[in-house]
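# Structure at a glance
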Amino acid sequence: MAFFDRLAERIAATDSVVSVGLDPDPDRLPEHVTDRDLPRWAFNRRIIDATHEYAAAYKPNAAFYEDPDGWRALEETIAYAHGKDVPVVLDAKRADIGNTARQYARSLDPDGLNADAITVTPYMGRDALAPFLNTDAGVFVLARTSNSGGADLQDLELASGETVYERVAGMAADLQGEVGLVVGATAPEELETVRSIAPNCPFLVPGIGAQGGDAEAAVEYGLSDGVGLVNSSRGIIFAGETASGDDYFRAAGAAARQLRDRLNDSR
Ligand SMILES: O=C(O)c1cc(=O)[nH]c(=O)n1[C@@H]1O[C@H](COP(=O)(O)O)[C@@H](O)[C@H]1O
């Protein structure tokens with residue numbers, strides 16, 4: 001099934017647009033998982049058990065898995081999320097010349113990592129994105145990122161009068177495939193602008209929670225026909241940092257539920 005149809009089903013089933021970011025910083029893992037064989041997998045498994053009822057998607061960021069054990073932990077995590085019927089967006093910010101991009105796109109294959117969607121960077125242009133687009137998988141193109149340096153290049157004005165991020169949004173909206181856009185909740189005005197340029201694109205909106213972005217704007221502009229994702233990573237997975245044992249993971253579940261309810265108030 002095409003990614004955004006599947007996501008729409010999941011959003012309806014959970015009444016949630018929450019993406020739970022699985023960014024298991026090894027320095028922040030609780031003691032009761034650090035003695036396990038694959039601590040990141042042990043951690044993610046407990047987080048998934050605690051949060052899946054409220055999760056429209058999981059979004060592991062590849063940066064937290066780029067070592068041999070990490071890759072195994074990521075594989076296990078994706079398979080476990082699928083077992084709970086939750087789609088997985090691999091946040092890898094890929095794209096490259098054709099033959100290289102084709103290899104990156106294997107993350108989306110069933111015999112690769114089997115992710116359901118991926119984040120990609122537009123800097124190398126259309127052909128660098130093409131290998132990700134000829135499947136049912138979702139492809140979220142970075143348009144206006146949530147970090148303060150996101151303005152350095154993305155806000156530059158082109159000779160045409162549009163900004164770089166506006167051009168990116170227009171280009172992505174014209175691509176054939178399951179295309180969405182990444183726009184940070186820390187840039188609510190830009191969120192509104194991108195929505196006007198790409199009215200039919202679902203957005204992945206990171207930057208709420210730990211980065212302090214605007215959750216209401218994320219919902220108001222992030223969804224197209226009710227479909228889109230609002231992500232929180234540290235704000236959910238480390239919500240129980242001061243708790244211990246089962247309470248640690250209960251706090252993550254409570255944080256995911258609270259975020260779902262808060263976002264639903266604005267839907
Ligand atoms: O592509 C992303 O998901 C992303 C884009 C962006 O503009 N800003 C951003 O924070 N992200 C990712 O979203 C997650 C945010 O994590 P928290 O700040 O802990 O909620 C991280 O995995 C970031 O890499």
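Check the entry above for the structure.
Structural notes, computed from the coordinates.

How each quantity is defined
Residues numbered from 1 in each chain as written. Predicted model: local features only at pLDDT ≥ 70, side-chain atom pairs only at ≥ 80, totals over all residues. Heavy atoms only, no water. Axes fitted to C-alpha atoms, helices over the stretch in contact; angles between N-to-C directions. Helix = DSSP H or I, 4+ residues; strand = E, 2+ residues; numbered from the N terminus. Parallel < 35°, antiparallel > 145°, perpendicular 65-115°, else oblique. Contact = heavy atoms within 4.5 Å. Nonpolar A, V, L, I, M, F, W, Y, C, P; charged D, E, K, R; others polar. Near = heavy atom within 4 Å. Polar contact = N/O pair within 3.5 Å; in protein donor to acceptor, adjacent residues only side chain to side chain. Pairing = 2+ DSSP bridges. Phe/Tyr/Trp six-rings, centres within 6.5 Å; stacked < 30°, edge-to-face > 60°. Buried < 20%, exposed > 50% of the residue type's maximum accessible area, 1.4 Å probe, protein only. Expected span 1.5 Å × (residues − 1).

Relative to each other, helix H9 (residues 188–197) and helix H10 (residues 215–222) sit at 5 degrees, their axes nearing to 9 Å. Here H9 lies roughly parallel to H10, going by the angle between them. Only Ala217, Ala218, Tyr221 and Gly222 of H10 make contact with H9, whose side of the interface consists of Pro188, Leu191, Glu192 and Arg195. Counted by class, the contact of H9 with H10 contains 5 nonpolar, 1 polar and 2 charged residues.

So, on to the site of the ligand. Lining the immediate surroundings of the ligand are 17 residues, of which Asp23, Ser146, Gln211, Ser233 and Arg234 lie closest. Contacts to the ligand include Asp23, whose side-chain N or O atom sits 2.7 Å from an oxygen atom. Within the side chain of Lys59, one N or O atom sits 3.1 Å away from an oxygen atom of the ligand. Elements that contribute at least two residues to the shell around the ligand include exactly strand S3 (89–94) and strand S8 (229–232). Residues of the shell around the ligand, tallied by class, amount to 5 nonpolar, 7 polar and 5 charged.

Pairing is parallel across the open sheet formed by 8 strands, whose spatial order is S2-S1-S8-S7-S6-S5-S4-S3. Because the sheet does not close on itself, it has two edges, and the strands there are strand S2 (57–60) and S3. Averaged over neighbouring strand pairs, the angle between their axes works out to 30 degrees when direction is ignored. Strand direction decides the pairing type here: strand S7 (residues 203–205) and S8, joined by 2 bridges, are parallel. Following the sheet pairing, Val205 is matched in S8 by Val230. Here helix H1 (residues 3–14) sits on the sheet in contact with S3, strand S4 (117–120), strand S5 (138–144), strand S6 (178–183) and S8, set at roughly 65 degrees to S6. The sheet contacts of H10 involve S7 and S8, and relative to S7 the element is tilted by about 175 degrees.

Once that is clear, we can look at the packing of aromatic side chains. Following the criterion strictly, the structure yields 8 aromatic pairs and no others. Ring centres of Phe3 and Phe140 lie 6.1 Å apart, and the angle between their planes is 90 degrees; this geometry places the pair in the edge-to-face category. Separated by 137 residues along the polypeptide, Phe3 in helix H1 and Phe140 in strand S5 bring together distant segments of the chain. Here Phe3 and Phe140 have matching classes, each one buried. Note on Phe43 and Tyr248: the rings are 6.2 Å apart at their centroids and 70 degrees apart in plane angle, and the pair reads as edge-to-face. Here Tyr248 lies in helix H12 (residues 246–265) and Phe43 lies in helix H3 (residues 39–51), a separation of 205 residues in the sequence. Assessed through its relative accessible area of 0%, Phe43 is described here as buried.

Another point: H3. Given a rise of 1.5 Å per residue, 13 residues ought to cover 18 Å, and the 18 Å separating the end C-alpha atoms of H3 matches this to within 8%. Of the residues making up H3, those classed as buried are Arg40, Trp41, Ala42, Phe43, Asn44, Ile47, Ile48 and Thr51. Packing partners of the buried residues in H3 comprise strand S1 (18–22), helix H2 (31–34), S2, helix H4 (68–83), helix H11 (234–237) and H12.

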